[in-house]
Amino acid sequence: MWRIRMHGRGGQGIKTASQMLGSAGFYSGFQAQDFPLYGAERRGAPVIAFTRISKDAILERGPISSPDIILIGDETLLNDPQSAPLCGADPSTVIFVNSDRMPESLASNFSVTAVNLTDLCLQHLDNRMVYSSALSAAGARLLGIIELPDLLQAVEDELTGVSSQVLRGNLNLAREIFEIIQPAVISEKANSPLIAKSLVFPQHLPVVDGAPIILDPGNMALRKTGNWRVERPKIDYEQCNNCMICYARCPDGVIRTAPDGRPEIDYDHCKGCLICAQECPGHFINTVRETGMFP
Ligand code: SF4
Ligand code: SF4
């Protein structure tokens, strides 16, 4: 059995990528299973999806803790302790990251393949935020057991209802990624049965400790939703005329007035919805891709 785990953010098509990969595996003659695991269902919040592909019936259930392949759609998750995309990896795990950085710089102690999916998505789809076809193509190729026509069939099936132009773009994107990546060497553990962990018996805590009750008042500021951001709004202060429309329109109230009267974005809590950039009358708010770890 091959166990694949995908990491990305809400809105990037991670769940669809796992479905495409499972379908492609099925069309290539294997058994398949795929499912997502959401946290907060918000655009930008970390999302995980799992795919199992096997020659035999898949009796295993639940999240994949020791994957053979980890596909990371957003490199900013690499150092995020809440997402921990490398959790459960060992030196034999095949790791793929959507990045234009050198693979060695992304995760020490691991062998990493890196391809800039964002630019390829922009090129084929005119959209740099939707990685479903791209990530499934990367997974299918790394696995080395899926044929290109089966992948393309899976992409087409999962994208039922999109325009012919969008479908064509996704097929071309999947084909290009399949052709530029080489199959990986998957370790023997791919064929080994899952070793069951011993049962964990939860302690009976006092209800105040054991239930999700927030006792600390006014603690929202501690949750840094800036960590969800995949694109950063950047005010062009050379052009900005301090009309403060962005301040009024930000749904999270994270644009404040600086002492000199200029609008100032609180990047700890700006989640990158980019509504401010759309609303600025002069289009003086630019967007740049987030590529680093959130402080
Ligand atoms: S992108 Fe703009 S509108 Fe959205 S949360 Fe950040 S500052 Fe507010
Ligand atoms: S909406 Fe645009 S011009 Fe107005 S304050 Fe914001 S950035 Fe400046």
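What counts, and where the lines are drawn
Residues numbered from 1 in each chain as written. Chains lettered and ligands numbered in written order. Predicted model: local features only at pLDDT ≥ 70, side-chain atom pairs only at ≥ 80, totals over all residues. Near = placed C-beta within 6 Å. Nonpolar A, V, L, I, M, F, W, Y, C, P; charged D, E, K, R; others polar. Helix = DSSP H or I, 4+ residues; strand = E, 2+ residues; numbered from the N terminus. Expected span 1.5 Å × (residues − 1). Buried ≥ 20, exposed ≤ 12 C-beta atoms within 10 Å, placed from the backbone. Core = buried A, V, L, I, M, F, W, Y, C linked by C-beta atoms within 7 Å. Contact = placed C-beta atoms within 7 Å. Pairing = 2+ DSSP bridges. Axes fitted to C-alpha atoms, helices over the stretch in contact; angles between N-to-C directions.

**Q** Before we go on, may I ask you to explain the site of ligand 1 in this structure?
**A** Surrounding ligand 1, one finds 13 residues, the nearest of these being Cys250, Cys270, Cys273, Ile275 and Cys276. For the shell around ligand 1, the residue count by class is 10 nonpolar, 1 polar and 2 charged.

**Q** Mind showing me how you'd approach helix α3 (residues 132–143) here?
**A** Because each turn of an α-helix spans 3.6 residues, side chains separated by three or four positions in sequence point in the same direction. Here α3 contains 12 residues, and its C-alpha end-to-end distance of 17 Å stays within 8% of the 16 Å for a straight helix at 1.5 Å per residue. With 12 of 12 residues buried, α3 is to be regarded as a mostly interior element. Buried within α3 are the following residues: Ser132, Ser133, Ala134, Leu135, Ser136, Ala137, Ala138, Gly139, Ala140, Arg141, Leu142 and Leu143. Where α3 terminates, the next one or two residues include Gly144, which has phi positive at roughly 75°.

**Q** Looking at this structure, I do not really get the nonpolar core. What am I missing?
**A** In summary, soluble globular proteins display a tendency toward joint burial of nonpolar side chains. Counting 52 residues, the largest nonpolar core has Leu71, Ala134, Ala138 and Leu151 as the members making the most contacts within it. For this core, the element with the most residues is α3, which contributes 7 residues. When near neighbours in sequence (up to four residues on either side) are disregarded, Ala134 contacts Leu117, Leu120, Cys121, Leu173 and Ile177. Listed in part, the 8 residues of the second largest apolar core include Cys250, Cys270, Cys276 and Cys280.

**Q** Before we go on, may I ask you to explain the sheet that holds strand β6 (residues 112–115) in this structure?
**A** Think of a sheet as strands paired side by side through backbone hydrogen bonds, with each pair either parallel or antiparallel. Spatially, the 6 strands line up as an open sheet ordered β2-β3-β1-β4-β5-β6, and their pairing is mixed. Among the strands making up the open sheet, the edge pair consists of β2 (31–38) and β6. Mean inter-strand twist for the sheet, computed between neighbouring axes without regard to direction, equals 15°. Where strand β1 (residues 2–9) and strand β4 (residues 69–72) come together, 4 bridges link them in parallel fashion. Opposite Met6, over in β4, you have Leu71 as the bridge partner.

**Q** Sorry, what's going on with unusual backbone geometry here?
**A** Although it is not a glycine, Asp126 sits at a positive phi angle of roughly 55°. With respect to the helices and strands, Asp126 occurs in the loop between α2 (117–125) and α3. Under the C-beta neighbour-count criterion, Asp126 is labelled exposed, with 10 such atoms within 10 Å.

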